[in-house]
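# Topology and contacts: notes
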Amino acid sequence: MGTPIRRVIPVTHHGPLRRLGAAALLALAAVPLLWTAFEALKTGGSPAAWHALAQDPALPDAALLTLWTGLASTLLAWWGAAALLARGFVRHRLARLLRGLPMMLATPHAALAIGFLFLLAPSGWLLRALSPWLTGFDSPPPWPTTQDPWGLGLIAALVIKEIPFLLWTAATQLQRDDVRQRWRAEHALAQTLGYAPRRAFWLVLWPQLSTRLRWPLLAVLAYGLTVVDMALVMGPASPPTLAVLAWQWLQDADPATYAQGAAAGVLLALMVLACSALWQAAQQLQRKVLAHGHGLRGSSARTPGTELGLWLLVGVYAVVLLALAVGSVSGVWAFPAVWPQSFTTAAWQQVAQSSGTVFTTLWLATGSSAIALVWSVAWLELAPRRWDEALRPLLYLPLVLPAVLWVVGLYGVGLQLRLEGQASGLLIAHTLMVLPYVLLALSPAYLGFDPRYAQLNASLGRSGRAFLLRVKWPLLKRSLASATAVGFAVSVAQYLPTLYVGAGRFSSVTTEAVTLASGGQRSLTSAYAGLQLALPVLAFALAAWLGRPRRFRHTAA
């Protein structure tokens, strides 16, 4: 008799134990998230605070400025990312387009804003390069090139920072082999009907991809409307944006003023919801227009604007990073000299003496990203798909709620649990902020994993544990490492949670950099901003090394 055939055991994805584990994971995340949101809304829901907010003369201008900077930056970033993605997809150069994204993603918002400030300021590099031979300036002019009253500098900085994020989230969707192959086939089919490659992309692929980018886009919109750290560096000062105004009120010791700041945070949340609804309506209208293209096939001619836009984006990042590097070692640097007259390492020596600040940043980023990764993997592995889809809005609360409102809730929860100013409270606050980013980064690859691997594993009689350890997680190691690096970078960039929950007892590289940006210490500010950039870059480099493909050596028989 032959070898008996093994019975193929069906893979049970969501048995009672798995559902119980998913429920426990949900409680572990949902309780602090909902508690934080409740405390924030309770603090900002005082009628007296809303009355004081409505009577404040700075509110109308601040609200209009917030809408202008947030919507304009989101629209430009969305259009820029879409144009670059269309170019890369049509010309089969997505890999080349995405090659420099890790470096851009690793650049924290505050570090980019500080480098942008040193580039565009009246005494910055741009005017130095043009003076005095073109401008005739022997001293910095009194121009509002930074912190301009129109918010143009803030819009430019936000656009430059958010385009790489949108490109990267789109790339995570294209990592799924089934999606990529299907979209390639649909794109080719549209071209056989006479549509130009770019026209086929906009009519066939972009409506599908833009739907999948709903949450990343909402995160960009919410951040643009509620940003504080970049607005403190690059945003207008009189009046400031509503988020900065709320931050100023929240720093006041008077409980009534503090409640007014919380009410301003609730108003920001309502503005985010309203703008999101309008954006979704506009996208639906656009899809209807594209669906009735009236047979327009488009032109196959190349558009040089996207090529120029890509080089411009890369060039801005390169110049900003160079400005931070040179500024961190600059000594005497009189205007209009392009290069410093003397160089010194005094700023870096002072940073080295602040080893506690660096250590705090490292353990917070490492701990929060590791906890978020473990939770995300367990959730994606155990939770039924319908649970995951229904609960994403809850899990993404830190993404869409204004940071100034979220820290009010975190501070309230910390006070009740006596975690204010404690290392454990600060770690929890960072983990809650990091978790949605790690989940967002990991989901496309993890949920798109080919289920036939699990079926083959079961047919061979191997356990589910062996499947995870020997097959699934090794194949997903690149995505796991990248998601961890994203979480690390998000934690490093946290400003308000560290400031409020830490209660002044903990300082991070970001809090030091933003605080110094308002002063005149160019070299020390550049050094801290450079360190703030270097830490995520090292994390992404380590992720790239850990996620590299496995190489097999073939030996002769």
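Residues numbered from 1 in each chain as written. Predicted model: local features only at pLDDT ≥ 70, side-chain atom pairs only at ≥ 80, totals over all residues. Heavy atoms only, no water.

Now for the overall build of the protein. Scanning the protein from N- to C-terminus turns up 27 helices and 0 strands. In terms of overall dimensions, the protein is globule-like: its C-alpha atoms have a radius of gyration of 25 Å, near the 24 Å expected for 557 residues. On the principal axes, the C-alpha backbone points of the protein span a range of 95 × 60 × 60 Å. Looking at the 557 residues of the protein, the share that counts as buried comes to 52%. Here the analysis covers contacts within the protein between residues at least 6 apart in sequence; of these, 81% occur between residues at least 24 apart. When the accessible surface of the protein is split by element, carbon and sulfur atoms take 66% of a total near 26300 Å². Averaged over its 41 positive side-chain charges, the protein has a centre that lies 18 Å from the centre of its 19 negative ones. (Helix = DSSP H or I, 4+ residues; strand = E, 2+ residues; numbered from the N terminus. Rg over C-alpha atoms; globule rule 2.2 N^0.38 Å. Buried < 20%, exposed > 50% of the residue type's maximum accessible area, 1.4 Å probe, protein only. Contact = heavy atoms within 4.5 Å. Areas by Shrake-Rupley, 256 points an atom, 1.4 Å probe, with all protein chains shown as cover. Lys, Arg positive; Asp, Glu negative; His and termini not counted. Charge placed at Lys NZ, Arg CZ, Asp CG, Glu CD.)

Turning next to helix H1 (residues 16–43). When the terminal C-alpha atoms of H1 are compared, their 39 Å separation across 28 residues agrees well with the 40 Å that a helix rising 1.5 Å per residue should span. Where H1 bends most, the angle comes to about 30 degrees, and this point is Ala-30, followed within four residues by the proline Pro-32. For H1, the full list of buried residues reads Ala-22, Leu-25, Leu-26, Ala-29, Ala-30, Leu-33, Thr-36, Ala-37, Glu-39 and Ala-40. (Expected span 1.5 Å × (residues − 1). Bend = angle between axes of the 7 residues up to and from the residue.)

Okay, the confidence of the model for the protein next. Interpretation of the predicted coordinates at a detailed level should be avoided for regions scoring low in pLDDT. For the protein, the average pLDDT comes to 85, and 92% of its residues sit at 70 or higher. Across the protein, the element-wise mean pLDDT spans from 73 in helix H4 (residues 94–98) up to 94 in helix H17 (residues 355–382). This model gives residues 1–13 a pLDDT under 50, and the stretch forms 9 contacts once residues within four places in sequence are excluded. (pLDDT = per-residue confidence, 0-100.)

With that settled, the discussion passes to empty space enclosed by the protein. In total, this model carries 5 cavities of 30 Å³ or more according to the counting rule given. Size it by volume and the largest cavity reaches roughly 660 Å³. Surrounding the largest cavity, 33 residues form its lining, His-109, Tyr-223, Tyr-437, Val-490 and Gln-494 being those nearest its centre. Looking at the lining of the largest cavity, the elements that each hand over two or more residues are helix H5 (101–106), helix H8 (152–174), helix H11 (214–226), helix H19 (397–400), helix H21 (423–447), helix H24 (477–492) and helix H25 (496–501). (1 Å grid on protein atoms, 1.4 Å probe; cavity = no way out; pocket = protein on both sides within 12 Å on 5 of 7 lines; lining within 4 Å. Points joined across faces, edges and corners; volume = space filled by probe spheres on them.)

Tracing the chain through its elements places Gln-532 in helix H27 (residues 522–546). Of the polar contacts made by the side chain of Gln-532, one reaches the backbone nitrogen of Ala-111; its length is 3.2 Å. If we skip the residues at most four places from it in the chain, Gln-532 touches Pro-108, Ala-110, Ala-111, Val-492, Ala-493, Val-509, Thr-510 and Ala-513. (Polar contact = N/O pair within 3.5 Å; in protein donor to acceptor, adjacent residues only side chain to side chain.)

Next up on the list: a nonpolar patch on the surface. Together, Trp-68, Trp-150 and Leu-152 make up a nonpolar patch on the protein surface, roughly 360 Å² of accessible area in all. When you line up the elements, Leu-152 lands in helix H8. By relative accessible area, which is 48% here, Leu-152 ends up partly exposed. (Patch = residues over 30% accessible without salt bridge, like charges linked within 9 Å, V, L, I, M, F, W, Y side chains within 5 Å. Salt bridge = Lys/Arg side-chain N within 4 Å of Asp/Glu carboxyl O.)

This part covers the packing of H1 against H17. Running from N to C, H1 and H17 point in directions that differ by 140 degrees, and their axes come no closer than 9 Å. Here H17 runs oblique to H1, going by the angle between their axes. Where H1 crosses over H17, the handedness of that crossing is left-handed. Packed against H1, whose contacting residues are Arg-18, Gly-21, Ala-22, Leu-25, Leu-26, Leu-28 and Ala-29, the element H17 presents Trp-375, Ala-378, Trp-379, Glu-381 and Leu-382 at the interface. Partitioned by chemical class, the residues of the contact of H1 with H17 number 9 nonpolar, 1 polar and 2 charged. (Axes fitted to C-alpha atoms, helices over the stretch in contact; angles between N-to-C directions. Parallel < 35°, antiparallel > 145°, perpendicular 65-115°, else oblique. Left-handed = near helix turned anticlockwise from the far one by under 90°. Nonpolar A, V, L, I, M, F, W, Y, C, P; charged D, E, K, R; others polar.)

Before going further, it helps to examine the side chain of Asp-148. Inspection of the secondary structure assignment puts Asp-148 in the loop between helix H7 (125–130) and H8. Within the buried set, Asp-148 has no salt-bridge partner at all; the shortest N-O distance to an opposite charge, 17 Å, is to Arg-522. Within the local environment of Asp-148, its side chain forms a polar contact with the backbone nitrogen of Gly-153, the two atoms lying 2.9 Å apart. Those residues in contact with Asp-148 that sit more than four places away from it in its chain are Gly-153 and Pro-236.

Okay, the packing of H1 against helix H20 (residues 403–416) next. Look at H1 against H20: their axes get within 7 Å of each other, and the N-to-C directions meet at 105 degrees. By the angle between their directions, the pair H1 and H20 is classed as roughly perpendicular. Across from Leu-33, Trp-35, Thr-36, Ala-37, Glu-39, Ala-40, Leu-41, Lys-42 and Thr-43 in H1, the residues of H20 making contact are Leu-405, Trp-406, Val-408, Gly-409, Leu-410, Gly-412, Val-413 and Gln-416. Of the residues that constitute the contact of H1 with H20, the class distribution is 10 nonpolar, 5 polar and 2 charged.

Per the stated rule, a full pass over the model turns up 11 aromatic pairs. Consider the rings of Trp-125 and Trp-333, whose centres lie 6.3 Å apart with planes at 85 degrees: the pair is edge-to-face. One end of the pair, Trp-125, is in helix H7; the other, Trp-333, is in the loop between helix H15 (304–328) and helix H16 (346–353), with 208 residues separating them in the sequence. In this structure, Arg-522 packs its charged tip against the face of Phe-118, placed 5.0 Å from the ring centre. (Phe/Tyr/Trp six-rings, centres within 6.5 Å; stacked < 30°, edge-to-face > 60°. Lys NZ or Arg CZ within 6 Å of the ring centre and 35° of its normal.)

Right, let's talk about the pattern of salt bridges for a bit. Should the charged atoms of two oppositely charged side chains come close, the side chains can pair. Counted by the stated rule, this structure contains 5 salt bridges. The salt bridge involving Glu-39 is made with Lys-42; its shortest N-O contact spans 3.5 Å. Of the two residues, Glu-39 and Lys-42 both sit in helix H1, 3 residues apart, roughly one turn of that helix. Judged by its relative accessible area of 48%, Lys-42 is partly exposed. A salt bridge links Arg-392 to Asp-388, with the shortest nitrogen-to-oxygen separation between them at 2.7 Å. You can see Arg-392 and its partner Asp-388 sitting in helix H18 (residues 385–395), 4 residues apart, about one turn around the helix. Salt bridges linked by common partners bring Arg-18, Glu-381 and Lys-472 together as one network.

Another point: the environment of Leu-158. With respect to the helices and strands, the residue Leu-158 is situated in helix H8. Sequence separation between Leu-158 and Thr-74 is 84 residues, and the spatial gap between their C-alpha atoms is 8.0 Å.

This part takes up helix H10 (residues 197–212). If you check H10, its first and last C-alpha atoms are 21 Å apart, about what 16 residues at 1.5 Å a residue would give, namely 22 Å. Helix geometry: H10 is bent most strongly at Leu-205, by close to 50 degrees, with proline Pro-207 lying one to four residues after it. Considered for burial, the residues of H10 that qualify are Arg-198, Ala-200, Phe-201, Leu-203, Leu-205, Trp-206, Pro-207, Leu-209 and Ser-210.

So, on to unusual backbone geometry. Here the amide bond leading from Ser-131 into Pro-132 is cis, since omega sits at -5 degrees, within 30 degrees of zero. Ser-238 connects to Pro-239 through a cis peptide bond whose omega is 0 degrees. When you line up the elements, Pro-239 lands in the loop between helix H12 (229–234) and helix H13 (242–250). With phi around 60 degrees, Arg-418 is a residue other than glycine that occupies positive phi space. Tracing the chain through its elements places Arg-418 in the loop between H20 and H21. For Arg-418, a relative accessible area of 74% corresponds to the exposed category.

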